[in-house]
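Structural overview for review
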Amino acid sequence: MGYWLWLSVVIVIFGIMHYFTELDIRQKAMISLAVALVVSGAILYNIRSDQERAQVTDIELKYRHGERVVCQGIEVNGSEFSYSDGTQSFIGNKGTSHYQQIFNLRECR
């Protein structure tokens, strides 16, 4: 829904330029293209951020439910690693072979 709003903003900007400015068609096209590229970039950024957030949430849920999570070839589980909400990473527990190893959730599958 929000993406349609941005498309309508680009159309309104083009309409304002078309009827209320003395720019030639080339200048109007360049400005419209620039605005459309900025809006498209913002939309793509939001889509990618949503995908990354979903992946991190999925990995966190798997960890909390005791399912298999692998980070850089090492299986992460609740007995050997703790989860840090603030940094969204797994930290090796004291007394384990993975003590002080840190894995960012984005590195895991």
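Since this is a predicted model, take the numbers as computed values, not measurements.

Below, the discussion takes up the overall build of the protein. Across its full length, the protein carries two helices and five strands. Beginning at the N terminus, the succession of helices and strands in the protein can be written as α-α-β-β-β-β-β. At 23 Å, the protein has a C-alpha radius of gyration far larger than the 13 Å of a compact globule built from 109 residues. Looking at the 109 residues of the protein, the share that counts as buried comes to 22%. In the protein, of all internal contacts separated by at least 6 residues, the share reaching a separation of at least 24 is 33%. As displayed, the protein offers around 8000 Å² of accessible surface, 60% of which is attributable to carbon and sulfur atoms. Measuring between centres, the 10 positive side-chain charges of the protein sit 2 Å from its 11 negative side-chain charges.

Let us now look at the pattern of salt bridges. Following the criterion strictly, the structure yields seven salt bridges and no others. In this structure, the salt-bridge partner of Arg 64 is Asp 85, at a minimum N-O distance of 3.1 Å. Placement of Arg 64 in helix H2 (residues 25–64) and of Asp 85 in the loop between strand S3 (81–84) and strand S4 (89–92) is noted, with a sequence separation of 21 residues between them. Arg 64 sits in the partly exposed class, given a relative accessible area of 47%. For Asp 85, a relative accessible area of 51% gives the class exposed.

We now examine the packing of helix H1 (residues 2–20) against H2. In contact at an axis separation of 10 Å, H1 and H2 are set at 170° when each is read in the N-to-C sense. One finds that H1 runs roughly antiparallel with respect to H2. Note on element contacts: H2 touches H1 through Lys 28, Ile 31, Ser 32, Val 35, Ala 36, Val 39, Ile 43, Asn 46 and Ile 47, opposite Tyr 3, Trp 6, Val 10, Ile 13, Phe 14, Met 17 and His 18. Its residues assigned to classes, the contact of H1 with H2 comprises 12 nonpolar, three polar and one charged.

The rules behind these values
- Residues numbered from 1 in each chain as written.
- Predicted model: local features only at pLDDT ≥ 70, side-chain atom pairs only at ≥ 80, totals over all residues.
- Heavy atoms only, no water.
- Helix = DSSP H or I, 4+ residues; strand = E, 2+ residues; numbered from the N terminus.
- Rg over C-alpha atoms; globule rule 2.2 N^0.38 Å.
- Buried < 20%, exposed > 50% of the residue type's maximum accessible area, 1.4 Å probe, protein only.
- Contact = heavy atoms within 4.5 Å.
- Areas by Shrake-Rupley, 256 points an atom, 1.4 Å probe, with all protein chains shown as cover.
- Lys, Arg positive; Asp, Glu negative; His and termini not counted.
- Charge placed at Lys NZ, Arg CZ, Asp CG, Glu CD.
- Salt bridge = Lys/Arg side-chain N within 4 Å of Asp/Glu carboxyl O.
- Axes fitted to C-alpha atoms, helices over the stretch in contact; angles between N-to-C directions.
- Parallel < 35°, antiparallel > 145°, perpendicular 65-115°, else oblique.
- Nonpolar A, V, L, I, M, F, W, Y, C, P; charged D, E, K, R; others polar.

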